Every structure is written in structure tokens, then in C-alpha cells.
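# Residue-level structural notes
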Amino acid sequence: DRSVKIAPSILASDFANFGAECAAVEAQGADWIHVDVMDGHFVPNITFGPATCAAIRPHIKGVMDVHLMIAPVDPYIAEFAKAGADILTAHVEAGPHIHRTLQAIRAEGMRPGVALNPGTPAEAVAHVLDLVDLVCVMTVNPGFGGQKFIDMSDKIATLRRMIGDRDVHIEIDGGVDPKTAPGVVKAGADVLVAGSAVFKGGSVSDPAPYGQNIRAI
Ligand code: DX5
Ligand code: ZN
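Along each chain, residue indices are assigned from 1 in the same order as the chain's sequence is written. Chain letters and ligand numbers both follow the written order, the letters beginning at A and the numbers at 1. Note on the predicted model: pLDDT of at least 70 is required for a residue's local features to be given, and 80 or more for side-chain atom pairs to be given and counted; whole-chain, interface and lining totals, by contrast, use all residues.

### Some thoughts on the UniProt feature "binding site: a divalent metal cation" (unreviewed entry) in the chain
Put simply, the test is: UniProt positions are given in the numbering used here, feature names are shortened, and annotations may be inferred rather than shown by experiment. The way it works is that DSSP assigns letters per residue, a run of H or I at least four long becomes a helix, a run of E at least two long becomes a strand, and they are numbered from the N terminus. Three classes are used. A residue is buried when 20 or more other C-beta atoms lie within 10 Å of its own, exposed when 12 or fewer do, and partly exposed in between, with C-beta atoms placed from the backbone. What counts as a contact here is a pair of residues whose C-beta atoms, placed from the backbone, lie within 7 Å.
With numbering matched to this structure, UniProt assigns "binding site: a divalent metal cation" (unreviewed entry) to His 34, Asp 36, His 67 and Asp 173. A maximum C-alpha distance of 10.5 Å is found for the annotated residues, which run over 140 residues; spatially they form one tight group. Counting through the fold element by element, His 67 comes out in strand β3 (residues 63–69). With 27 C-beta atoms counted inside 10 Å, the residue His 67 sits in the buried group. Excluding its chain neighbours within four sequence positions, the residues that come into contact with His 67 are His 34, Val 35, Asp 36, Val 37, Thr 89, Ala 115, Cys 136 and Asp 173. Checked against the element boundaries, Asp 173 lands in strand β7 (residues 169–173). For Asp 173, the residues in contact, after removing those within four places along its chain, are His 67, Cys 136, Met 138, Thr 139 and Val 193.

Laid out in C-alpha cells, this is it:
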């Protein structure tokens, strides 16, 4: 399904209210829920791990899209499967054995994704495209929400060509808003992660702005 999907990142939501935030943003039209796991090592920020993902899971009706910004990945794959992740995305830069990592994610019953930092060329994932359901193109350097969008249209278009007729999503993560979204969709993206652009102006007690923000993207 190549229709454009919006995946709000709960990194921009109220950390004391993840369950209610997920339910609210889904009710307001979110397609997937994007969950950013950071370890303070692969990226210079710490969020939360598999226990929090497991706690959030019952509050999500649809797809739980877990983005791992951690290294190493392999020792934690089974835990994220148990936590109920539908999609588990690992960075190609996170270790020397991305091929093995993606196979292990599939073997645990999840849909594997591979993410590329802005400085990493499309060619870095050329030999794992048969193993993944999703390629995540970072349009910020990962670690924080609310950063300025970095134009990666060439990389997106290159990846769309490389993917060919495979059934693989291209997800864009970082700085997506109503101004930057049209260009990435035109280049070939079909899943748009957005944190600050979705959650701004709303709250669990006043979620209508979430819906307005989603529709504006
Ligand atoms: C960046 C995260 C993103 C990010 C998106 O490290 O992976 O998911 O928080 O947030 P915005 O949309 O605010 O750039
Ligand atoms: Zn993310």
C-alpha cells in the first residue's frame, strides 16, 4: 500500500501520558505510531526502552513503528518482539552486521526496517533491500525532535529506483511539516514521521489540533 501515511512520533508528546497520547493521535487520524528509542550512545540523547514500548502497546490499535537509535541492536531484538513492535528499524550505521540484524528481526516475527543517517549514501543499503519492509531516510541527524529539515530528495529518489518493484516503504524522519512534506512525497516517500508538527498546540485533553496538524501535512 503506497498511499501516504502519517506516523506521529511520540517523542514530541507528553512522556507522562504515552498511552493517552497514542490513543488520542490515532483517534485524530494517525496511520502509524512512531516510537523513538535512544540509548545515549548511538545518539546523544536517552528516551526509553522495551519496557516502555510494552506498556504503550495496548494503547495502540494500529501499527507500532519502533525506531531504534541504539548500538548494539542484536541483544535487544527479542525484547522488542515481546514488547509488541510491528516494525523494528535498525540503523545501518549501528553495527558491522546489518544483514544479520535484519534477518534476526524477521525471525522474531517483526517487519524489519533499515535507517540511514543524513551522511550515509543510499548505496549503503543496496544489499539488504530484499530483507526489509521499510527504508527510513533521516532528514535530521537523529537524537532530538524539532530540528531543521535537511533535504534528502536525491537520496529518496535514488532509493525508490533501487527498490524497484519490491514492496518496501520509504519513510522520512525529521523536520517533516506542511512545507517539507510535498517534496519528500514527490521524491518517492510514502510514510511521513512527524513529531513537533503533529503534537504542537494540542494535548490529551484538547486533541483536536492533532487532527488539524495531521491533515495539514
Ligand atoms: C529524531 C527522531 C524523530 C524525530 C521527529 O531523532 O528519530 O522521530 O523526533 O521529530 P520532528 O518531527 O520534531 O523532527
Ligand atoms: Zn524516529
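### Remarks on the sheet that holds strand β4 (residues 87–91)
Applied cut-off: The criterion for strand pairing is that DSSP finds at least two bridges linking the strands in question. To get an axis, fit a line to the C-alpha atoms, keeping to the stretch in contact for a helix; angles then go from 0 to 180 degrees between the N-to-C directions.
The parallel open sheet is built from eight strands, whose spatial order is β1-β8-β7-β6-β5-β4-β3-β2. Two strands lie at the open edges of the sheet, namely β1 (5–8) and β2 (32–38), each paired on one side alone. Geometrically, the sheet is characterised by an average inter-axis angle of 25 degrees between neighbouring strands, direction not taken into account. Summarising the sheet, strand β5 (residues 111–116) and strand β6 (residues 134–138) pair through four bridges and their orientation is parallel. Paired with Leu 116 across the strands is Val 137, a residue of β6. Lying over the sheet, helix α5 (residues 153–163) contacts β6 and β7, oriented at roughly 165 degrees with respect to β6.

### Some words on the site of ligand 1
Our working definition: For each residue, a C-beta position is placed from the backbone atoms; the residue is near a molecule or strand when that point lies within 6 Å of it. Here the nonpolar group is Ala, Val, Leu, Ile, Met, Phe, Trp, Tyr, Cys and Pro; Asp, Glu, Lys and Arg are the charged ones; every other residue, Gly included, is treated as polar.
Around ligand 1, 22 residues are found, and the nearest of them are Ser 9, Pro 142, Gly 145, Gly 195 and Ser 196. For the shell around ligand 1, the elements supplying multiple residues, two or more each, are β2, β8 (191–194) and α7 (196–199). Split by residue class, the shell around ligand 1 holds nine nonpolar, 11 polar and two charged.

### What to know about unusual backbone geometry
Following Ala 71, the chain continues into Pro 72 via a peptide bond in cis, with omega recorded as 0 degrees. Its place among the elements puts Pro 72 in the loop between β3 and α3 (77–82).

### Here's the deal with the pairing of β8
The line we're drawing: For a crossover, the right-handed case is the one in which the path from the first strand over the helix to the second runs clockwise, viewed with the strands pointing away from the viewer.
With burial as the criterion, each face of β8 is covered, one bearing Val 191 and Val 193 and the other bearing Leu 192 and Ala 194. When β1 meets β8, the two strands line up parallel, connected through four bridges. Within the sheet, the bridge partner assigned to Ile 6 lies in β8 and is Leu 192. Across three bridges, the pairing between β7 and β8 is parallel. Each residue of the ladder has a partner; that of Glu 171, found in β8, is Val 191. Crossover β7 to β8 through helix α6 (residues 181–187) is right-handed.

### A look at the environment of Asp 154
Within the secondary structure, Asp 154 is located in helix α5. The exposure class assigned to Asp 154 is exposed, which follows from the 10 C-beta atoms found within 10 Å. Considering only alpha carbons, one finds Asp 154 and Gly 188, 34 residues apart in sequence, at a separation of 9.9 Å.

### Things to note about helix α4 (residues 98–107)
Helical geometry note: an α-helix holds 3.6 residues per turn, so side chains three or four residues apart project in the same direction. Threshold: Working note: the arc is built from the helix axis to C-beta atom directions.
Buried within α4 are the following residues: Ile 98, Thr 101, Leu 102 and Ile 105. Considered in projection along α4, the buried side chains sweep an arc of 95 degrees and stay on one side of the axis. Buried residues along α4 sit against α3, β4 and β5. Following α4 by one or two positions, Gly 109 has its phi on the positive side, about 90 degrees.

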